[in-house]
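These are the residues of each chain, in order.
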Amino acid sequence: MGSWKPRSFVCSVCGRVHKPGESEYTCVACYTGVLEPMSLSSAVLAEPIFTESPGMWRYERLLALSPEALRPPMPVGRTPLVPGGRLGRQTGLANLFIKNDTLNPTGSLKDRATAVVLARAAEIGAAGIAVASTGNAGSSLAGLAASMGMPAMIFVPESAPRAKVVQALMYGARVFAVRGTYDDAFDLCVEACKRFNWYNRSTALNHWTIEGKKTVAYEIYEGLGNRAPNMVLIPTGDGCVLSGVARGFQDLLDLRLIERLPRLIAVQASGSNAIACLLAGAPPPERVKTVADSIKVRVPRNGPLAVRDIRATGGRAIEVSDDAILTAVRDLASATGIFAEPAGAAALAGLQALRAEENIDREATIVLLVTGSGLKDIDAAAGIAPSPVVIEPSVDALQGLDLHRENASGSA
Ligand SMILES: *Cc1c(COP(=O)(O)O)cnc(C)c1O
Ligand SMILES: [Zn+2]
């Protein structure tokens, strides 16, 4: 205890240093740069680095957040890192792991960001909090805000999956279904926050989101027995999850707990490949279309930072078709018992696509980041699910059916 001091933030674009609390959002000089806390190596850290606080607050000493800030009471994070099991055997990879972030309280990795942003909002005395979201950030904010009793305003595109919208509504948030795209919802949320003085959780704008998401990297490190993997596959839309993972591993490198960064692989839907375009120096897509709504982003709000982070780790982007994503939903569920939404399962599709393009060492330690629960988008999975077998309520009706086959799995 005791040695915590507020951290300054540096603009990732122009390098301007911001004193603690100077800006909650992007850079005050160039307006676009995402702010990053100053390197941990220069901060004085209290021992032990990892605490016994619940969930992701185990890493409270690595967050640029005051330890006094009021936190949502709902535990977030500390999700399981499980061996790939049958999936590893099917792919011939000896050290495949799955980080199951579907097990967060509202069912997605977004809860990590929301927890830190809410603590920050409480710290600065915000009266209300808002977010623009394709769905998960909204339901996450709604749920954790409910646990704290803070009013939440959610701006989603009209096309957001029903389950995510209903979830946010049940938590008691005000939900605005914007007639337009996610980008329209984003701009409206910015204006509304200015007019009504709400704190804005929107991704990339609010730099505390990345600070929360980085905790998943610490958990991967600890889950592997205090080492970094060789590679992490990350479903990518705006690129904030990816930058969160990058920052987490960079912190561990700054603290000399690891010796090198894992390669970060941005998995994108081929119909929504803006970050892949940025990396390749190609023009951005004019329209985006994919079944994986959580990674459907035309203008990646964290694009430049994500590109920097991918390059710094020797990573790359890989594109996968909607068919491959849906097949991955089924393969992941049937081989591991983890039911993910399409964006969540995209990491597995990405691994399969990567293996077709690159020689991957069979001994390499590879982590698939599974970011959201399948229950959030039943309609997508229903499209490829077989029908249940309709039978009379009699055991005789089961006779003669093929009952003992192994779970269906496309990639055996
Ligand atoms: C938000 C989200 C992503 C992508 O995160 P970005 O920061 O936009 O790249 C991936 N999967 C799920 C389930 C998400 O909710
Ligand atoms: Zn700047």
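Calculation notes
Residues numbered from 1 in each chain as written. Chains lettered and ligands numbered in written order. Predicted model: local features only at pLDDT ≥ 70, side-chain atom pairs only at ≥ 80, totals over all residues. Heavy atoms only, no water. Pairing = 2+ DSSP bridges. Helix = DSSP H or I, 4+ residues; strand = E, 2+ residues; numbered from the N terminus. Right-handed = clockwise from strand over helix to strand, strands pointing away. Donors = N, O, S within 2.8 Å, 3.2 Å for Na, K, Ca; no water. Tetrahedral: all angles 85-135°; square planar, octahedral: opposite > 155°, others 65-115°. Core = buried A, V, L, I, M, F, W, Y, C linked by side-chain atoms within 4.5 Å. Buried < 20%, exposed > 50% of the residue type's maximum accessible area, 1.4 Å probe, protein only. Contact = heavy atoms within 4.5 Å. Near = heavy atom within 4 Å. Polar contact = N/O pair within 3.5 Å; in protein donor to acceptor, adjacent residues only side chain to side chain. Nonpolar A, V, L, I, M, F, W, Y, C, P; charged D, E, K, R; others polar. Salt bridge = Lys/Arg side-chain N within 4 Å of Asp/Glu carboxyl O. Axes fitted to C-alpha atoms, helices over the stretch in contact; angles between N-to-C directions. Expected span 1.5 Å × (residues − 1). Bend = angle between axes of the 7 residues up to and from the residue.

1. A closer look at the pairing of strand S8 (residues 174–178)
- Where strand S7 (residues 152–157) meets S8, five bridges bridge the pair, whose relative direction is parallel. By the bridge assignment, isoleucine 154 is partnered in S8 with valine 175.
- Note that the unit made of S7, helix H4 (residues 162–170) and S8 has a crossover that is right-handed.

2. A few points about the coordination of the zinc ion (ligand 2)
- Note on the zinc ion (ligand 2): its protein donors are Cys11 (SG), Cys14 (SG), Cys27 (SG) and Cys30 (SG). The metal-donor distances range over 2.3 to 2.4 Å.
- Of note is the zinc ion (ligand 2), whose four donor atoms meet at the metal with angles of 104 to 121 degrees in an arrangement that counts as tetrahedral.
- The motif formed by the donor residues of the zinc ion (ligand 2), counted along the single chain, is C-x2-C-x12-C-x2-C. On the criterion of sequence distance, the pair formed by cysteine 14 in the loop between strand S1 (9–11) and strand S2 (17–18) and cysteine 30 in the loop between S2 and strand S3 (35–37) is long-range, its members being 16 residues apart.

3. A short note on the nonpolar core
- Leu87, Leu233, Leu332, Leu351, Ile366 and Leu368 are the most contacted members of the largest nonpolar core, which has 35 residues in total.
- Counting only elements with at least two residues in this core, the list comes to strand S5 (95–100), strand S10 (231–235), strand S11 (263–269), strand S12 (316–320), helix H11 (322–336), helix H12 (342–357) and strand S13 (365–370).
- Looking at this core, the element that brings in the most residues is H12, giving nine residues.
- Beyond its immediate chain neighbours, meaning those up to four positions away, leucine 351 contacts Leu93, Leu96, Leu233, Ile360, Ile366 and Leu368.

4. Side note on the site of ligand 1
- The immediate surroundings of ligand 1 are formed by 16 residues, with Lys110, Gly237, Asp238, Gly239 and Thr371 found nearest.
- Note that an oxygen atom of ligand 1 is positioned 2.8 Å from one of the backbone N or O atoms of aspartate 238.
- In this structure, a nitrogen atom belonging to ligand 1 sits 2.7 Å away from a side-chain N or O atom of threonine 371.
- A per-class count over the shell around ligand 1 returns five nonpolar, seven polar and four charged.

5. Focus: the pattern of salt bridges
- Counted by the stated rule, this structure contains 22 salt bridges.
- Its salt-bridge partner being aspartate 101, residue arginine 112 comes within 2.7 Å of it at the nearest N-O pair. A residue pair is termed long-range when its members are at least 10 positions apart, and arginine 112 in helix H2 (residues 110–123) and aspartate 101 in the loop between S5 and H2 qualify at eleven residues.
- Its relative accessible area of 0% is what places arginine 112 among the buried residues.
- Among the ionic pairs, arginine 308 bridges to aspartate 309, the shortest N-O distance being 2.9 Å.
- On the accessibility criterion, aspartate 309 (7% relative accessible area) is buried.

6. Overview of the side chain of arginine 58
- Considering the arrangement of structural elements, one finds arginine 58 in the loop between S3 and strand S4 (81–83).
- Residue class for arginine 58 comes out buried when judged on its relative accessible area of 13%.
- Among the polar contacts listed, one links the side chain of arginine 58 to the side chain of glutamate 222, at a separation of 2.8 Å.
- If near-sequence neighbours (up to four positions away) are discounted, arginine 58 is found in contact with Ile49, Phe50, Thr51, Glu52, Ser53, Arg78 and Glu222.

7. So, the sheet that holds strand S9 (residues 199–200)
- Spatially, four strands are ordered S8-S7-S6-S9 in an open sheet, and the strand pairing comes out parallel. The strands lining the two open edges of the sheet, one partner per strand, are S8 and S9.
- The strands that helix H3 (residues 136–148) touches are strand S6 (129–132) and S7; relative to S7, the one it contacts most, it runs at about 165 degrees.

8. With respect to H12
- The end-to-end C-alpha separation of H12 is 22 Å, in line with the 22 Å expected for 16 residues at 1.5 Å each.
- Taken as a whole, H12 carries its principal kink of about 30 degrees at leucine 348.
- In terms of burial, H12 is largely enclosed, as twelve of its 16 residues are buried.
- Here H12 has its buried residues at Pro342, Ala343, Gly344, Ala345, Ala346, Ala347, Leu348, Ala349, Gly350, Leu351, Ala353 and Leu354.

9. Some thoughts on the sheet that holds S2
- Spatially, S2-S1-S3 is the arrangement adopted by the three strands of the open sheet, whose pairing is antiparallel. Edge positions in the sheet fall to S2 and S3, since each of these pairs with one other strand and no more.
- Note: S1 against S2, two bridges, orientation antiparallel. When the bridges of S2 are listed, valine 10 appears paired with valine 17.

10. Details of the environment of aspartate 379
- Within the secondary structure layout, aspartate 379 lies in helix H13 (residues 378–382).
- We classify aspartate 379 as exposed; its relative accessible area is 61%.
- For aspartate 379 and alanine 228, which are 151 residues apart along the polypeptide, the C-alpha to C-alpha distance reads 36 Å.

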